[in-house]
Protein chains: 2
Amino acid sequence: MNDVRPIRAKSGTNHEGTSAHNRRVMIDALRVNGQLSRADLARATWLTKQTVSNIIEELERDGLVCSQEPVRKGRGQPSTPYRLVPEGAFAIGLQIDRHVTRAVAVDLIGSVLVRAEAGLPPGGPSTGTKVILDLVADVRSRLAGIVQQSEKRLVGLGAAMPGPFGVAGSGDDPWMMEAWQKFPLLDTLTAGTGLDVGLQNDAAAAATAERMVGAAHGLDHAVCLFVGYGIGAGLILNGELYCGANGNAGEIGMALLFADGKSTPLEHRASLASLYQHLSADPADPGLHARINDLASRGDQSIETWVEAAAADLRWSIHLIETVFDPETVILCGSAPEALVNRLIAAIGPLLPSIAERPGRMLPRLQPGMADPWSVAIGAAAGPISRAFDPRFAAILKDFL
Amino acid sequence: MNDVRPIRAKSGTNHEGTSAHNRRVMIDALRVNGQLSRADLARATWLTKQTVSNIIEELERDGLVCSQEPVRKGRGQPSTPYRLVPEGAFAIGLQIDRHVTRAVAVDLIGSVLVRAEAGLPPGGPSTGTKVILDLVADVRSRLAGIVQQSEKRLVGLGAAMPGPFGVAGSGDDPWMMEAWQKFPLLDTLTAGTGLDVGLQNDAAAAATAERMVGAAHGLDHAVCLFVGYGIGAGLILNGELYCGANGNAGEIGMALLFADGKSTPLEHRASLASLYQHLSADPADPGLHARINDLASRGDQSIETWVEAAAADLRWSIHLIETVFDPETVILCGSAPEALVNRLIAAIGPLLPSIAERPGRMLPRLQPGMADPWSVAIGAAAGPISRAFDPRFAAILKDFL
DNA sequence: GTAATAAGTCAAGACAATTGACTTAATAAG
DNA sequence: CTTATTAAGTCAATTGTCTTGACTTATTAC
């Protein structure tokens with residue numbers, strides 16, 4: 001008699017959802033356009049002048065926006081432009097990588113205020129958790145020393161680490177990433193910091209960073225091909241990060257390529273891991289990054305061999321991404337040394353023909369992303385900020401949070 | 001002095017957006033769950049009983065929902081379940097294929113009420129437009145003869161044809177599809193029918209159909225791998241059809257495969273077009289569909305050869321889809337004869353290992369979709385219905401329509 | 001100097017969800 | 001059989017947020 005099957009339905013919304021959405025739309029418009037007057041905002045958002053005025057007033061009270069000097073532009077009363085206040089909100093970003101962890105404090109417009117780094121001891125979560133929590137606490141206290149009311153304006157902690165999540169592991173894992181992937185990191189960080197914690201994979205974090213301050217700024221459809229120790233794609237679809245049903249969308253490094261009669265994951269052919277193997281280098285070596293940068297800029301032959309092979313695979317990956325996602329642009333980013341990235345981009349071109357070749361294109365098909373080893377940590381921090389301030393469907397719903 | 005760069009911003013929302021969203025949420029909940037009482041709806045949507053009552057009353061007045069017999073379930077006043085009224089809304093779906101065009105009239109729950117088919121004469125749009133408009137007019141008048149107020153309840157016309165759109169063509173195109181793809185079909189259909197017209201590629205239409213009445217019913221993350229004359233993927237992401245920046249997302253048939261030292265699009269290896277070529281058959285032959293079905297069910301050797309090769313490519317495609325989209329399930333659909341689809345599905349298994357292999361999976365990784373040659377036309381009709389009644393971010397915004 | 005134009009405010013109004021008390025109708029318990 | 005309990009659903013008043021239209025202010029064009 002009683003129905004066991006649970007009812008599946010989407011959440012409704014109400015006035016608060018409306019208001020929250022409109023606030024986010026204002027913030028987004030200011031982020032993308034730099035500065036706008038109330039009248040500009042009203043025209044751009046289809047809201048009335050009065051509504052915009054009310055919301056801007058509220059945002060100003062909350063310390064998220066501030067006015068600039070009025071500007072005269074032709075007839076009529078001069079307009080007062082508004083812009084985002086960087087110190088209106090902060091977030092902490094945390095990158096957990098194989099042998100290192102990094103934490104940053106980032107403000108509303110994506111500027112990095114504090115950086116901290118620590119080596120991750122072998123042993124995975126059992127020994128690493130303390131290192132991480134200490135690092136976060138360090139960043140947090142240093143932030144408090146730099147800006148006013150940092151704790152009150154801290155919207156959350158974003159963590160980023162290599163994916164995939166929740167999948168049966170492969171077994172060969174010298175860096176304990178599998179242990180980290182299975183570890184209840186979210187709960188541990190929430191309990192250890194008292195903050196609102198989010199988790200994404202490193203490619204997604206890189207994409208979030210590119211959208212906030214990089215090449216994907218203001219774009220609604222962009223894919224970041226992330227070449228790091230592994231390979232992944234961070235997907236910006238319809239203006240939001242897309243994570244798939246289980247948070248693993250974009251794990252393109254696990255795509256199998258068939259060549260010479262055997263199948264190999266892309267990740268084993270074109271990632272930094274494959275380069276390290278090619279060079280018989282130790283990934284834990286702290287000087288490796290600089291050495292590879294040096295070799296790449298000198299056009300070293302052993303690097304070149306790898307670059308040629310990797311570029312072919314990446315060229316194909318970009319073609320595939322264009323074909324299945326139809327983005328406005330593809331952004332090549334990662335934790336590789338800058339000289340290597342430049343060599344790779346040069347070697348990748350010309351791109352394979354694809355549906356991205358269309359008349360009237362405005363953006364390049366392929367663009368370089370941030371060449372900053374900290375970009376994943378920055379993107380991790382951008383996660384909570386985006387969640388708190390960007391317009392998104394989920395944020396209008398009553399079941400949001 | 002004057003700013004040439006246009007202001008980019010997302011649209012705000014207001015009460016109407018809220019109300020429209022909540023109406024859509026109700027309809028969606030009833031579609032997914034079959035029937036629900038007002039109290040059920042209130043719990044599932046996080047809205048109050050009163051709000052749900054008001055909206056349901058309005059939907060009932062509009063003829064979109066109706067009440068069922070009250071049911072007693074334990075203590076308390078019996079609940080009155082509501083369900084969707086199929087004849088509450090209709091849409092016309094139009095499939096434009098290489099040598100045939102089909103039109104259907106579909107109701108709110110996806111039932112087909114009228115079907116019509118016509119051959120497309122050679123010559124592309126210049127001669128085909130009249131055939132198509134006549135076909136639509138025929139379906140429309142027959143619909144008017146079957147149900148009351150069909151014109152008033154007609155929400156739009158959806159068209160589906162092979163993609164991609166807006167891309168420089170390949171040249172070798174015996175079926176004039178390139179001419180169709182460049183033709184201003186939307187304007188022509190709007191002018192010729194006076195209806196609200198939408199356009200999508202055939203894979204997207206198939207996915208829309210699967211979501212309304214097929215294997216993707218109620219799923220928010222599903223990919224339909226469509227094997228027809230070409231190959232494409234219809235993407236259901238976050239509960240909505242994803243089209244990409246230019247409406248070409250999912251055109252996986254154009255993905256290049258590298259084998260034997262040369263690159264070939266997937267479409268040239270595993271589509272029906274490749275089968276026709278393999279069999280030296282004429283695609284315009286009206287008896288071909290039945291003949292292939294017959295051959296496939298008898299295990300004919302020439303078919304088997306193709307099936308084995310195609311299955312290998314499709315197995316890889318499914319693996320790739322799982323890897324980049326992380327869907328809840330992949331649905332294999334298309335316009336292939338049923339016996340061939342069954343042979344293909346059998347030959348595809350077992351699937352390649354991927355991130356889709358996770359503990360606690362509920363749905364099969366691969367499911368067969370509708371084996372109906374009309375499914376693309378049905379999906380085309382499902383487009384306008386989805387646009388009018390499904391919850392979606394765009395529908396709350398002031399710039400919707 | 002005056003008209004035109006544009007930014008922005010004020011106060012009243014409209015719309016849609018919320019709230020809390022109430023009614024209705026069933027089962028469970030004594 | 002009577003009464004308490006539970007759940008569905010309604011009523012009327014309230015609240016929150018956007019909209020409307022008139023108004024004020026500040027500037028340029030003629």
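Above this text you will find the structure in question.
Basis of the calculations
Residues numbered from 1 in each chain as written. Chains lettered and ligands numbered in written order. Predicted model: local features only at pLDDT ≥ 70, side-chain atom pairs only at ≥ 80, totals over all residues. Heavy atoms only, no water. Helix = DSSP H or I, 4+ residues; strand = E, 2+ residues; numbered from the N terminus. Pairing = 2+ DSSP bridges. Axes fitted to C-alpha atoms, helices over the stretch in contact; angles between N-to-C directions. Near = heavy atom within 4 Å. Polar contact = N/O pair within 3.5 Å; in protein donor to acceptor, adjacent residues only side chain to side chain. Buried < 20%, exposed > 50% of the residue type's maximum accessible area, 1.4 Å probe, protein only. Contact = heavy atoms within 4.5 Å. Least-squares fit on C-alpha atoms with pLDDT ≥ 70 in both. Nonpolar A, V, L, I, M, F, W, Y, C, P; charged D, E, K, R; others polar. Salt bridge = Lys/Arg side-chain N within 4 Å of Asp/Glu carboxyl O.

Engineer: With reference to specific residues and values, describe unusual backbone geometry.
Structural biologist: Backbone phi values are negative for most residues with the exception of glycine, while trans is the configuration of most peptide bonds. All names here are of chain A. For the bond from Gly163 to Pro164, the omega torsion is -5°, close enough to zero to count as cis. Locating Pro164 in the fold gives a position in the loop between strand E7 (154-161) and helix H5 (177-182). Gly349 connects to Pro350 through a cis peptide bond whose omega is -5°. The topology assignment puts Pro350 in the loop between helix H12 (338-348) and strand E15 (366-368). Although it is not a glycine, Gln149 sits at a positive phi angle of roughly 50°.

Engineer: Explain the sheet that holds strand E8 (residues 197-201) of chain A to me, and be specific about the residues and the numbers.
Structural biologist: Residues and elements named next belong to chain A. Strand order in this open sheet of 5 strands is E6-E5-E4-E7-E8, and the pairing throughout is mixed. At either end of the open sheet lies a strand with only one pairing partner, and these are strand E6 (112-119) and E8. In this sheet, neighbouring strand axes are inclined to one another by 15° on average, regardless of whether the strands run parallel or antiparallel. Relative to E6, strand E5 (residues 100-107) is paired through 7 bridges, and the arrangement is antiparallel. When the bridges of E6 are listed, Val106 appears paired with Val112.

Engineer: Please give an account of the protein's contact with DNA strand D that cites residues and values.
Structural biologist: In the region of DNA strand D, 32 residues are neighbours, and Arg75(A), Gln77(A), Gln50(B), Ser53(B) and Lys398(B) sit closest. The sugar-phosphate portion of DNA strand D accounts for 66% of its atoms within 4 Å of the protein, the bases making up the rest. Residue Ala39(B) places a main-chain N or O atom 3.0 Å away from a phosphate oxygen belonging to DNA strand D. Contact between DNA strand D and Gly76(B): a base oxygen at 3.1 Å from a main-chain N or O atom of the residue.

Engineer: Could you give an account of the side chain of Ser375(B), naming the residues involved and the relevant values?
Structural biologist: Residues and elements named next belong to chain B. With respect to the helices and strands, Ser375 occurs in helix H13 (residues 375-389). On the basis of relative accessible area, Ser375 is assigned to the buried category, the value being 4%. Every residue in contact with Ser375, bar those within four places of it in the chain, is listed here: Ala209, Gly334 and Met370.

Engineer: Hey, could you go over the relation of the copies chain A and chain B for me, with residue numbers and the actual values?
Structural biologist: When chain A is fitted onto chain B, the two copies agree to an RMSD of 0.0 Å after a turn of 180° and an axial shift of 0.0 Å. Such a combination of rotation and displacement between the chain copies is what one expects of a two-fold axis. Across chain A, the rotation axis passes nearest the C-alpha of Phe393(A), at a separation of 2.7 Å.

Engineer: Tell me what's going on with the protein's contact with DNA strand C, and back it up with residues and numbers.
Structural biologist: Near DNA strand C you find 30 residues, and of these Gln50(A), Ser53(A), Lys398(A), Arg75(B) and Gln77(B) are the closest. Interatomic distance of 2.9 Å between a side-chain N/O atom of Asn22(B) and a phosphate oxygen of DNA strand C. Residue Thr48(B) places a side-chain N or O atom 3.3 Å away from a phosphate oxygen belonging to DNA strand C. Of all the elements, helix H1 (residues 15-33) of chain B adds the most residues to the surface near DNA strand C, at 4 residues. Taken together, the residues of the surface near DNA strand C break down into 3 nonpolar, 20 polar and 7 charged.

Engineer: Help me get a handle on the pairing of strand E13 (residues 262-265) of chain B, residues and values and all.
Structural biologist: All names here are of chain B. Here strand E12 (residues 256-259) runs beside E13; their pairing, made up of 4 bridges, is antiparallel. In the strand pairing of E13, Leu256 is matched with Pro265. Hairpin remark: E12 followed by E13, antiparallel, with 2 residues in the connecting loop; positive phi at Asp260, about 55°.

Engineer: Tell me about the pattern of salt bridges, residues and numbers included.
Structural biologist: Scanning the entire structure with this criterion turns up 40 salt bridges over all chains. Asp40(B) serves as the salt-bridge partner of Lys73(B), at 3.8 Å between the closest nitrogen and oxygen. Here Lys73(B) is found in the loop between strand E2 (65-67) and strand E3 (81-84), whereas its partner Asp40(B) is found in helix H2 (residues 38-45), with 33 residues between them in sequence. Residue classification places Lys73(B) among the partly exposed residues on the basis of a relative accessible area of 46%. Since its relative accessible area comes to 11%, Asp40(B) is described here as buried. Asp372(B) is paired through a salt bridge with Arg115(B); the nearest N and O atoms lie 3.9 Å apart. Taken together, the residues span a long stretch of sequence, with Asp372(B) in the loop between strand E15 (366-368) and H13 and Arg115(B) in strand E6 (residues 112-119) at a distance of 257 residues. Counted as one network, the salt bridges with shared partners bring together Lys10(A), Arg211(B) and Asp220(B).

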